[in-house]
Amino acid sequence: MVDVAERKREVRALSQLAFDELGGAVGGIAKMHRAISDRIFSVVGFGIGSAQAPIKALHDAISEGVYTAVSGTTSLASEASSILDLPLASPPSETAWGAGIIAAIQGLRGDTLEAEQPALAEAMTLRVDGKYIAAEPSVLAETFPAPSARLVVFLHGLMESEYAWRLGGRPSYGEQLGSTYNCTPLHIRYNTGRHISENARSFAALLAEIVDTWPVEVEEIAIVGHSMGGLVARSACHIAQTDHAPWAGKVRQVVCLGSPHFGAPLERLVHYASAGLTMLPETAPIGRFLRRRSNGIRDLRLGSLVDEDWSGRDKDALRAAVCVEVPLLVGATHYFVSATVTRSPRHPMGKLLGDGLVLTSSATGRTRSRRIGFEDSNGLHISPANHFTLLNNDVVYDKLRSWLNPIVISNGELEIC
């Protein structure tokens, strides 16, 4: 049955946000146009003096009139979107395309959506086929009629949803594991625009609820995170260990696929670029736009995992304080997967680009001066491959299957899980 109310709420929120952003873009373009024209007319003024004044006045009046009209149109469209609806079979958030759009918006602006568009500010949730599954005994029992005592939890990365694990239209890692081995895969969706440490607390709380209300006693947990998801997993394990949460003692494996443990170079580049662009009136709107990027993206500058890394600090300061070193969860085995776009990780371009978004040193958690603590034998490097190849790759799956492959007891007999 279609949830019409939820569908309308999401469609209207998406439409209103789109028109609001369009209006903001028009305003930014107007400011750039005005700054550039002012500089041009000031230069022309040196040559012809006050003769340029009436021409400038006419230019300013026409351009401001055009931008005001366009901005007014987008404002009216934004207001009109409050009655908009589309004859969709499901709310956008329950479809692959809708979840993808919302995930992209959350990645960019997720930290402000709770105030601006709460319908798009999704909480940390368990999802099955796009639908929200409450961590309640009856709901979990109905959704998972053959529950296993072993859970494999999947956390997606920045601007992704749980649908990202089905890259290429193939069965996800979880679906393959769940159909072959004695374990239950769980796919989590979260707002990647929030601080990593905030999402980690939400994930820790959700996992505690799931473990407490799971139809059978949970014996083991494995967590697999792609990109930012690996950082959320590490942060949540640190929180759970510090708070002595019971589920922390059940975690046996934590797998990080292309996770930027030491940060991502693209975010560092944007950080410095936004500071430089705001210094000139002609480029200031672009700089201010870049500075609107979410807290989640900003955390990827250095791989921040705890509140102390950002609380009370100027997020636009050029010189960042050193991040707190977060230890790996005691009692769990930690694995990592890295990639390079070149065939050899030693190739100069491979060292420069990594997998396109994350450098090998960051994904492996080791540089000349820093080491997270991953064992060399607990890693995998694939090449040539890019950052998103890691979401659904046969080589990665085979290694993942071997890592999550302990001997367990089932019906009195030994079998491979």
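Residues numbered from 1 in each chain as written. Predicted model: local features only at pLDDT ≥ 70, side-chain atom pairs only at ≥ 80, totals over all residues. Heavy atoms only, no water.

### Here we look at the overall build of the chain
Scanning the chain from N- to C-terminus turns up 14 helices and 10 strands. Considering the chain as a whole, with its 417 residues, one finds that 47% of them fall into the buried category. When contacts within the chain are restricted to residue pairs at least 6 apart in sequence, long-range pairs at least 24 apart make up 77% of them. Counting only carbon and sulfur atoms, one obtains 60% of the accessible surface of the chain, whose full area is about 19,800 Å². (Helix = DSSP H or I, 4+ residues; strand = E, 2+ residues; numbered from the N terminus. Buried < 20%, exposed > 50% of the residue type's maximum accessible area, 1.4 Å probe, protein only. Contact = heavy atoms within 4.5 Å. Areas by Shrake-Rupley, 256 points an atom, 1.4 Å probe, with all protein chains shown as cover.)

### A few points about the nonpolar core
Nonpolar side chains tend to gather and get buried jointly when the protein is soluble and globular. Counting 49 residues, the largest nonpolar core has F203, I223 and W247 as the members making the most contacts within it. Mapped by element, the contributors of at least two residues to this core are β3 (150-155), β4 (184-189), α7 (196-213), β5 (220-226), α8 (228-242) and β6 (251-257). Once residues within four sequence positions are removed from consideration, F203 is found in contact with M124, V153, L155, I188, I223, V232 and A236. By size, the runner-up hydrophobic cluster in this structure holds 25 residues, among which are V152, Y173, A385 and L404. (Core = buried A, V, L, I, M, F, W, Y, C linked by side-chain atoms within 4.5 Å.)

### A closer look at a nonpolar patch on the surface
On the surface, a cluster of nonpolar side chains totalling about 340 Å² of accessible area is made up of V341, M349, L352 and L353. By secondary structure assignment, the location of L353 is in helix α12 (residues 348-353). According to the relative accessible area criterion, L353 is partly exposed, its value standing at 37%. (Patch = residues over 30% accessible without salt bridge, like charges linked within 9 Å, V, L, I, M, F, W, Y side chains within 5 Å. Salt bridge = Lys/Arg side-chain N within 4 Å of Asp/Glu carboxyl O.)

### Topic: the confidence of the model for the chain
Per-residue confidence for the chain gives a mean pLDDT of 83; residues scoring 70 or more make up 76%. Confidence drops under pLDDT 50 across residues 76-84; counting only partners more than four residues distant or on other chains, this segment forms 14 contacts. Throughout residues 407-417 the model reports pLDDT below 50, and contacts reaching past four residues in sequence, or to other chains, amount to 23 contacts. (pLDDT = per-residue confidence, 0-100.)

### Topic: the packing of aromatic side chains
Applying the stated criterion to the full structure yields 7 aromatic pairs. Ring centres of F154 and W165 lie 5.3 Å apart, and the angle between their planes is 70 degrees; on these two criteria the pair is classed as edge-to-face. Here F154, found in strand β3, pairs with W165, found in the loop between β3 and α6 (173-180); they are 11 residues apart in sequence, far enough to count as distant. Between Y173 and Y397, the aromatic rings sit 6.2 Å apart at their centres with planes inclined by 10 degrees, giving stacked as the arrangement. Placement of the pair is Y173 in helix α6 and Y397 in helix α14 (residues 394-403), with a sequence separation of 224 residues. Residue Y173 shares its accessibility class with Y397, and that shared class is buried. Members of the aromatic cluster, each reached through a chain of ring pairs, are F154, W165, Y173 and Y397. (Phe/Tyr/Trp six-rings, centres within 6.5 Å; stacked < 30°, edge-to-face > 60°.)

### Some details on empty space enclosed by the protein
Inspection of every chain in the model, using the stated rule, returns 2 cavities of 30 Å³ or more. A volume near 70 Å³ is recorded for the largest cavity. Around the largest cavity sit 13 residues that line it, and H261, G303, V324, E325 and R370 are the ones nearest its centre. Tallied by class, the residues present in the lining of the largest cavity amount to 7 nonpolar, 2 polar and 4 charged. What the second largest cavity holds in volume is close to 40 Å³. For the second largest cavity, the full set of lining residues is A233, R234, C237, H238, V254, P327, L328, L329 and H334. Here the element with the most residues in the lining of the second largest cavity is α8; it accounts for 4 residues. Classifying every residue of the lining of the second largest cavity by side-chain character gives 6 nonpolar, 2 polar and 1 charged. (1 Å grid on protein atoms, 1.4 Å probe; cavity = no way out; pocket = protein on both sides within 12 Å on 5 of 7 lines; lining within 4 Å. Points joined across faces, edges and corners; volume = space filled by probe spheres on them. Nonpolar A, V, L, I, M, F, W, Y, C, P; charged D, E, K, R; others polar.)

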